[in-house]
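Chain residues, written in single-letter form:
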Amino acid sequence: MAKKYRREPVPPALRHTMDYGLVILGSFFVAIAFNLFLLPNNVASGGVAGISTITKGVFGWEPGVVQWVLNIPLFIMGWLILGKNFGVKSLVGTVVLPFFVLLTSSMDAATPDPLLGAIFGGMGVGLGLGIVFRGRASTGGIDLAAQVIHKFTHLPLGICVAMLDGLIVITSAFVFSLEEGLYALIGLFVTSRTIDFVQVGLNTSKNVMIITEEVDEVRDEIFRQIDRGVTVLSGAGGYTERERRVVMCVVQQNEFIKLTQTVKTVDPGAFVVAMNATEVLGEGFKTT
């Protein structure tokens, strides 16, 4: 039989408390990365934080105040125009992040090197945003503006976000220098990769598709040797047009070799295709 894991569901009140905790913790990490790495090196790597970096360099305006001034109206605009309930948690992120930016504004720069600032600042911001997203919230800002543009132009949302972030990076290149604009691009890239890492993590599994004439035998042997469940799909040969059954099985990385050996023991001629699978939810894997 396949492995069975039973976990008691998290009570709603505790789940909400944990979400708010993640929003506050993530916002704190973003603020720390901003003040330690990005702002001192003029790395305006997109978003409202990037705008506040530019206005700090041009006008000397306090970044935390600028972020408040921009975030709150953007949140209200999104609520009015998009007609969606963005939720209290996102409002908390919108308000708390600029507060933490102000609270940590007196911290000394961690490095005077803009490349290191872009890399580690991007990592810190990505870590913080990833934690906020795990709390099922956001910190508002440019994402809300992108959703408004998406509503009226019907451009893909990802393109709208990229356009706005790109405009901020280009502006920073004119305000500061081309080199610092390129550093901002590096910071933006590192942030996006770090968010993906926080969301998915290192626990990558394998989704294995097995085409075999010995479906029942392969299935039973996987049950016995790997102790994993399988799904039998209906398919058809592209050339022969003959109906075939396909065995699909998701396993952990360290189980993959044993799975292929088990399949080949039953049917040496089996056709096996393996693909990386991330964020696998269900019995034997993550449940939430």
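Everything discussed here concerns the structure shown above.
Residues numbered from 1 in each chain as written. Predicted model: local features only at pLDDT ≥ 70, side-chain atom pairs only at ≥ 80, totals over all residues. Heavy atoms only, no water.

Caption draft 1: Quick peek at the packing of helix H9 (residues 215-225) against helix H10 (residues 256-266). Running from N to C, H9 and H10 point in directions that differ by 140 degrees, and their axes come no closer than 9 Å. Of the possible angle classes, the one that applies to H9 and H10 is oblique. When the axes of H9 and H10 are compared, the crossing they make is right-handed. Contacts between H9 and H10 pair Glu-217, Val-218, Glu-221, Ile-222 and Gln-225 from the former with Lys-258, Leu-259, Thr-262, Val-263 and Val-266 from the latter. (Axes fitted to C-alpha atoms, helices over the stretch in contact; angles between N-to-C directions. Helix = DSSP H or I, 4+ residues; strand = E, 2+ residues; numbered from the N terminus. Parallel < 35°, antiparallel > 145°, perpendicular 65-115°, else oblique. Left-handed = near helix turned anticlockwise from the far one by under 90°. Contact = heavy atoms within 4.5 Å.)

Caption draft 2: Structural context of the pairing of strand E1 (residues 205-211). Within E1, five of the seven residues are buried, which leaves it mostly tucked inside the rest of the structure. As paired elements, E1 and strand E3 (residues 243-252) share seven bridges and run antiparallel to each other. Considered in E3, the bridge of Ile-211 is made with Val-246. By the bridge criterion, seven bridges tie E1 to strand E4 (residues 271-277) in an arrangement that is antiparallel. Opposite Lys-206, over in E4, you have Asn-276 as the bridge partner. (Buried < 20%, exposed > 50% of the residue type's maximum accessible area, 1.4 Å probe, protein only. Pairing = 2+ DSSP bridges.)

Caption draft 3: Fine view of a nonpolar patch on the surface. A surface patch of nonpolar side chains, about 660 Å² in accessible area, is lined by Val-58, Phe-59, Trp-61, Ile-170, Phe-174 and Val-175. When contributions to the nonpolar patch are tallied by element, the ones reaching two or more residues are helix H2 (47-59) and helix H7 (157-175). The element that contributes the greatest number of residues to the nonpolar patch is H7, accounting for three residues. Within the element layout of this structure, Phe-174 appears in helix H7. You can call Phe-174 exposed: its relative accessible area is 74%. (Patch = residues over 30% accessible without salt bridge, like charges linked within 9 Å, V, L, I, M, F, W, Y side chains within 5 Å. Areas by Shrake-Rupley, 256 points an atom, 1.4 Å probe, with all protein chains shown as cover. Salt bridge = Lys/Arg side-chain N within 4 Å of Asp/Glu carboxyl O.)

Caption draft 4: Quick look at the pattern of salt bridges. A complete count under the given rule lists nine salt bridges for this structure. Between Glu-213 and Arg-242 there is a salt bridge, with the nearest N and O atoms lying 3.2 Å from each other. Remark: Arg-242 occurs in the loop between strand E2 (231-236) and E3 and Glu-213 occurs in the loop between E1 and H9; sequence separation between them is 29 residues. A salt bridge links Asp-220 to Arg-219; its shortest N-O distance comes to 3.3 Å. Residue Arg-219 is classed as partly exposed on the basis of its relative accessible area, which comes to 25%. Connected through shared salt-bridge partners, Asp-216, Arg-219, Asp-220 and Arg-245 make up one network.

Caption draft 5: Molecular detail of the packing of aromatic side chains. Under the definition given, this model contains four aromatic pairs. With a centroid separation of 4.5 Å and 20 degrees between ring planes, the pair formed by Phe-59 and Trp-61 is classed as stacked. Judged by its relative accessible area of 53%, Phe-59 falls in the exposed class. Accessibility expressed as a relative area gives 46% for Trp-61, which makes it partly exposed. Centre to centre, the rings of Phe-99 and Phe-100 are 5.7 Å apart; their planes meet at 50 degrees, and the pair counts as tilted. Phe-99 gets classed as partly exposed once you look at its relative accessible area, which sits at 42%. (Phe/Tyr/Trp six-rings, centres within 6.5 Å; stacked < 30°, edge-to-face > 60°.)

Caption draft 6: View of the sheet that holds E4. Here we have four strands laid out as an open sheet, ordered E2-E3-E1-E4, and antiparallel in their pairing. With one partner strand each, in any of the chains shown, E2 and E4 form the two edges of the open sheet. Strand-to-strand twist of the sheet, defined as the mean angle between neighbouring strand axes without regard to direction, takes the value 25 degrees. Pairing of E2 with E3, which is carried by six bridges, proceeds in the antiparallel orientation. Paired with Gly-235 across the bridge in E3 is Arg-244. On the sheet, H9 packs against E1, E2 and E3 and is oriented at approximately 15 degrees with respect to E3. Strands in contact with H10 are E1, E3 and E4; relative to E1, the strand with the most contacts, it is inclined by about 10 degrees.

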